[in-house]
Amino acid sequence: MDLAEAAPTVSAVAAAHAPAVAGAAAEPAIPHKPPDVKPAPSTEPAETMDDPHKHAPPPAENVNKKPGGASVEALRGTSGVLFESQAAVLRGVQKSFLRRCLPIIFDERDFVAYGEALRFVLIKGDNIFVFTEETDVAPLFSIPLQGLKSMIEDPNKPDKYSSTISPTGKNMSKSDMVTVLLKYP
């Protein structure tokens with residue numbers, strides 16, 4: 001067997017005492033000129049990075065951005081809505097054959113945390129309105145449902161354009177989550 005040569009023997013640890021130092025003293029600070037105090041200059045208001053309307057995902061061809069500034073309360077109106085709830089909303093991604101077969105070597109963004117994609121969704125008439133929160137004054141975007149088909153995705157055979165929300169160890173969404181795909185027939 002070819003092993004490395006043994007390390008040489010080293011001497012015992014030896015430490016010397018630190019030299020004695022006379023008491024240290026510092027002179028008090030004396031200002032050379034009086035302080036010049038002025039109010040801080042005014043600045044422009046800060047721009048928040050968490051503004052969901054500014055940083056929303058780009059709209060797909062079938063998505064209308066910021067439809068008329070209708071709040072959740074205004075959309076509920078007197079006639080109500082068909083459905084409203086919190087849900088994870090994502091635009092699908094284009095996946096190649098290798099990306100579907102070997103997801104470990106590609107961008108981890110195909111797997112998204114539930115909280116990152118969480119939105120407030122409201123369906124009224126033939127439109128889905130997507131808000132960041134229920135208290136928003138306007139939706140991030142709307143999705144017209146005319147011509148779209150909704151399908152529940154089989155978790156064992158995921159669609160090639162879908163992303164996995166909060167994956168388990170098997171690269172599948174948690175069992176208590178259902179993925180609904182909106183596609184043109």
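Data block above holds the structure.
Attention in this report is confined to the structure presented alongside it. (Residues numbered from 1 in each chain as written. Predicted model: local features only at pLDDT ≥ 70, side-chain atom pairs only at ≥ 80, totals over all residues. Heavy atoms only, no water.)

1. Observations regarding the overall build of the protein
A count of helical and extended segments in the protein gives three helices and nine strands. Along the chain direction, N to C, the helices and strands of the protein fall in the order β-α-β-α-β-α-β-β-β-β-β-β. Counting over 185 residues, the protein shows a buried share of 21%. Working note: accessible area of the protein is about 14800 Å², and carbon and sulfur atoms make up 58% of it. (Helix = DSSP H or I, 4+ residues; strand = E, 2+ residues; numbered from the N terminus. Buried < 20%, exposed > 50% of the residue type's maximum accessible area, 1.4 Å probe, protein only. Areas by Shrake-Rupley, 256 points an atom, 1.4 Å probe, with all protein chains shown as cover.)

2. Some thoughts on the nonpolar core
One recurring pattern in soluble globular proteins is that nonpolar side chains are buried together. Among the nonpolar cores identified, the biggest contains eight residues, and these are V121, I123, I128, V130, L140, F141, I143 and L148. Formed by seven residues, the second largest nonpolar core is a distinct cluster that contains A70, F120, L122 and F129. (Core = buried A, V, L, I, M, F, W, Y, C linked by side-chain atoms within 4.5 Å.)

3. Quick notes on the pattern of salt bridges
In the structure shown here, the tally under the stated rule is four salt bridges. R76 is the partner of E73 in a salt bridge, and the nearest nitrogen-oxygen pair spans 2.6 Å. With E73 and R76 both in helix α1 (residues 72-76) and three residues apart, this pair spans about one turn of that helix. By relative accessible area, E73 is classed as exposed at 55%. Of the charged contacts in the structure, one is a salt bridge between R76 and E134, with a shortest N-O distance of 2.4 Å. One end of the pair, R76, is in helix α1; the other, E134, is in the loop between β5 (127-131) and β6 (141-144), and 58 residues separate them in sequence. Connected via shared salt-bridge partners are E73, R76, E84 and E134. (Salt bridge = Lys/Arg side-chain N within 4 Å of Asp/Glu carboxyl O.)

4. Focus on the side chain of R76
By relative accessible area, which is 16% here, R76 ends up buried. Looking at R76, its side chain comes within polar contact range of the side chain of E134, at 2.4 Å. Dropping the residues within four chain positions of it, R76 is found in contact with V81, E84, F120, L122, K124 and E134. (Polar contact = N/O pair within 3.5 Å; in protein donor to acceptor, adjacent residues only side chain to side chain. Contact = heavy atoms within 4.5 Å.)

5. Topic: a nonpolar patch on the surface
Taken together, the side chains of I152, V178, V180 and L182 define a hydrophobic patch exposed on the protein surface, amounting to about 390 Å² of accessible area. Position of V180 relative to the elements: it lies in strand β9 (residues 180-183). (Patch = residues over 30% accessible without salt bridge, like charges linked within 9 Å, V, L, I, M, F, W, Y side chains within 5 Å.)

6. As for the environment of D136
Take D136: it is sitting in the loop between β5 and β6. Expressed as a C-alpha distance, the spacing of D136 and A70, which sit 66 residues apart in the sequence, is 9.1 Å. Separated by 3.0 Å, the side chain of D136 and the backbone nitrogen of T132 make a polar contact. There is a polar contact of 3.2 Å between the side chain of D136 and the backbone nitrogen of E133.

7. What to know about the side chain of E153
Assignment of secondary structure puts E153 in the loop between β7 (149-152) and β8 (164-165). Owing to a relative accessible area of 12%, E153 belongs among the buried residues under this scheme. E153 has contacts with P158, D159, S162, T179 and L181, leaving out every residue within four places of it along the chain.

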